[in-house]
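# Secondary and tertiary structure notes
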Amino acid sequence: MAVSTGPCPNCGSNIEFKAGSSLSLVCKYCKHVVVRTDRDMRNMGKIADVVFGDAALAPGDRGTFRGRAFSVEGRLVLQHPAGGNWEEYYVVFGGQNAWISEAQGFWQIVNEVPIPAPPLHTLAPQMQVPLGNYGIFVVGEKNDGTFLAAEGELPFAAAPGTKRIFVDLSAAGGGWASIDYNDGTQPPKVYVGVRTTFAELQITERGGDRPAAAVKTEAIKCGGCGAPLPVLAPGSERAACKHCNTITDVKLQQVVARQGQARQQPSIELGRRGVIPVADGRGIYNQEWTVLGYVERSTGAPGSDDWFGWQEYLLYNVQHGYRWLVFDEGNFYLITPLAAGDVDASRAPLFVRMRNLHFRKRNQQQARVDFVLGEFYWKVEVGETVWAEDFEHGREIISCEKTQTEVNWSHGVLVPVQMVTQAFGYMPKASAYGAPAFNVSPASGASSGLVVAIIVIVVLVFGMAACGACFGDGSGSGSSTSGGVRGVGGSSSGGFGGK
Ligand SMILES: [Zn+2]
Ligand SMILES: [Zn+2]
């Protein structure tokens, strides 16, 4: 079966290349990347000691996708500059190199295609790019990832720790493409394919080892006050303590920032699970979501007439990834990420179109993160800003958030307040400015005044008690335009494979 064999240049164990298109592999025994050349095998260095988080596929698996057989030859882990790792699988379809990747419940599969790549410097988020006969694609992200670790075989030869530049694109109708610019020294490669679901990748043979306890989560200790800090999702990067507001890096278990007091505190308890009956932007409904995080955001200068604030709750489901529940001007919206190619933005910011619907401009603004609690899948920073544009059509909204490196589109649908109350025990809380958000359902209207009064007292008392533990000096970090709140952060896909 092996196309070439030989001793590992590091440990001497016998290693075998099985796929003809593979250029390197990771020695099972010493975890060094070994590259094969015409003459010998060369050691590229040891992979980082990271745990593979995704147990869905493993090298050695076989399956079919839309009637075509494939084998999984390898997998790799990359680190996103905004924090977080993502994983990609190197697969072979009848001798052709392809990549399968997953970003927060959304799957992509791309094949290498023989078309020239546009020069990297000509590309920017939201730009339209023709890719040969495959049509027009929209740039969603232009970024780089650090090659941390791998398993099995790979179609390129790179040393662990090197950076890979990628551009991800999408098209209407489910198209997906990725251009791999490697480290900028080799010719780029273009990969074109589709967005899909894990169910469509029909696995017929499970060959490889998969990481045990892939969704193991734990409670870490708050770096600020020592209280337990629950971590409910495996991809969480940062967690902000509800007792002292300190933000801790989950992996390093170190304090990364202190923040001041909340404007309002969450009106839904973090960690709460609930079922949302309304279909989201992907048609998913009646699923159970866990409330992971709470964000207070605003636009305009604080204290000025154009200041406006709102709240967002980060939701998580192990199969479907992340959603947001946004409370804005008395309404809740369930927000689902979209691909840039899903939205026809050729007439933005006047209007955008999706599924033959016309969404007219609602507002556009610089949106800032003011306060966070709970856990987040990216390196959230108080003070980070994005340019945001919102469009509306009846009960639906489309939003676009842009940074230097990516554009993130999302779809929102109105969820009745009463439904959020039923699902998550939503109970409006008093704001720090003294204006409670009155959005309780009419049925509980009689007692709501008393409830709000009690909450005001609880918030005041708790707020004073918490002050002793907090460090009360506002944001621990400066303004930043990296990342992006609704972004896919550390899990966006960079199709990958140049040598
Ligand atoms: Zn070895
Ligand atoms: Zn704390």
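This structure is a prediction, so every number in the text was calculated from the model and none was measured.

### A word on the coordination of the zinc ion (ligand 2)
Looking at the zinc ion (ligand 2), the protein donor atoms are Cys222 (SG), Cys225 (SG), Cys241 (SG) and Cys244 (SG), and they sit 2.3 to 2.4 Å from it. Coordination at the zinc ion (ligand 2) comes from four donor atoms whose angles at the metal span 99 to 115 degrees, giving a geometry best classed as tetrahedral. Sequence positions of the residues that donate to the zinc ion (ligand 2) give the spacing C-x2-C-x15-C-x2-C. Of the two residues, Cys222 sits in the loop between β17 (219-221) and β18 (228-230) while Cys244 sits in the loop between β19 (238-240) and β20 (247-249), which places them 22 residues apart along the sequence. With relative accessibility at 4%, the residue Cys222 sits in the buried group.

### Section: the coordination of the zinc ion (ligand 1)
Around the zinc ion (ligand 1), the donor atoms from the protein are Cys8 (SG), Cys11 (SG), Cys27 (SG) and Cys30 (SG), and they sit 2.2 to 2.3 Å away. What the four donor atoms of the zinc ion (ligand 1) show is an angle range of 106 to 113 degrees at the metal, which sorts the shape as tetrahedral. Donor residues for the zinc ion (ligand 1), ordered by position in the chain, follow C-x2-C-x15-C-x2-C. Judged by its relative accessible area of 0%, Cys27 falls in the buried class. Given the relative accessible area of 12%, Cys30 is considered buried.

### Notes on the pattern of salt bridges
Within the structure shown, the criterion is met by 18 salt bridges. Salt-bridge contacts for Arg362 lead to Glu392; the nearest nitrogen and oxygen are separated by 3.7 Å. You can see Arg362 sitting in strand β28 (residues 357-376) and its partner Glu392 sitting in strand β29 (residues 385-393), a full 30 residues away along the chain. What you see here is one network of salt bridges that share partners, running through Asp328, Arg360, Arg362, Asp390 and Glu392.

### Focus: the environment of Val33
Relative to the helices and strands, Val33 resides in strand β4 (residues 32-36). Val33 sits in the buried class, given a relative accessible area of 0%. Separated by 396 residues in the primary sequence, Val33 and Lys429 have C-alpha atoms spaced 54 Å apart. Discounting chain neighbours no more than four positions away, the residues touching Val33 are Ser24, Leu25, Val26, Arg42, Asn43, Met44, Gly45, Ile47, Phe147, Ala158 and Pro160.

### Here we look at the packing of aromatic side chains
If you walk through the whole model with that rule in mind, you get 17 aromatic pairs. When the ring of Trp86 is compared with that of Phe166, the centres are 5.5 Å apart and the planes differ by 70 degrees; the resulting orientation is edge-to-face. On the criterion of sequence distance, the pair formed by Trp86 in strand β8 (residues 85-93) and Phe166 in strand β13 (residues 163-171) is long-range, its members being 80 residues apart. Judged by relative accessible area, which is 2%, Trp86 ranks as buried. Its relative accessible area of 1% is what places Phe166 among the buried residues. On the basis of an interplanar angle of 80 degrees and a centroid distance of 5.7 Å, the ring pair of Phe147 and Phe156 is categorised as edge-to-face. Side by side, Phe147 and Phe156 carry an identical accessibility label, which is buried. Here a set of aromatic residues connected by ring pairs shows up, and it is made of Tyr316, Tyr322, Trp324, Phe376, Tyr377 and Trp378. Taking NZ or CZ as reference, Arg36 lies 4.8 Å from the ring centre of Phe17, over its face. Here Arg164 stacks its cationic end above the ring of Phe156, 4.4 Å away from the centre of that ring.

What counts, and at which threshold
Residues numbered from 1 in each chain as written. Chains lettered and ligands numbered in written order. Predicted model: local features only at pLDDT ≥ 70, side-chain atom pairs only at ≥ 80, totals over all residues. Heavy atoms only, no water. Donors = N, O, S within 2.8 Å, 3.2 Å for Na, K, Ca; no water. Tetrahedral: all angles 85-135°; square planar, octahedral: opposite > 155°, others 65-115°. Helix = DSSP H or I, 4+ residues; strand = E, 2+ residues; numbered from the N terminus. Buried < 20%, exposed > 50% of the residue type's maximum accessible area, 1.4 Å probe, protein only. Salt bridge = Lys/Arg side-chain N within 4 Å of Asp/Glu carboxyl O. Contact = heavy atoms within 4.5 Å. Phe/Tyr/Trp six-rings, centres within 6.5 Å; stacked < 30°, edge-to-face > 60°. Lys NZ or Arg CZ within 6 Å of the ring centre and 35° of its normal.

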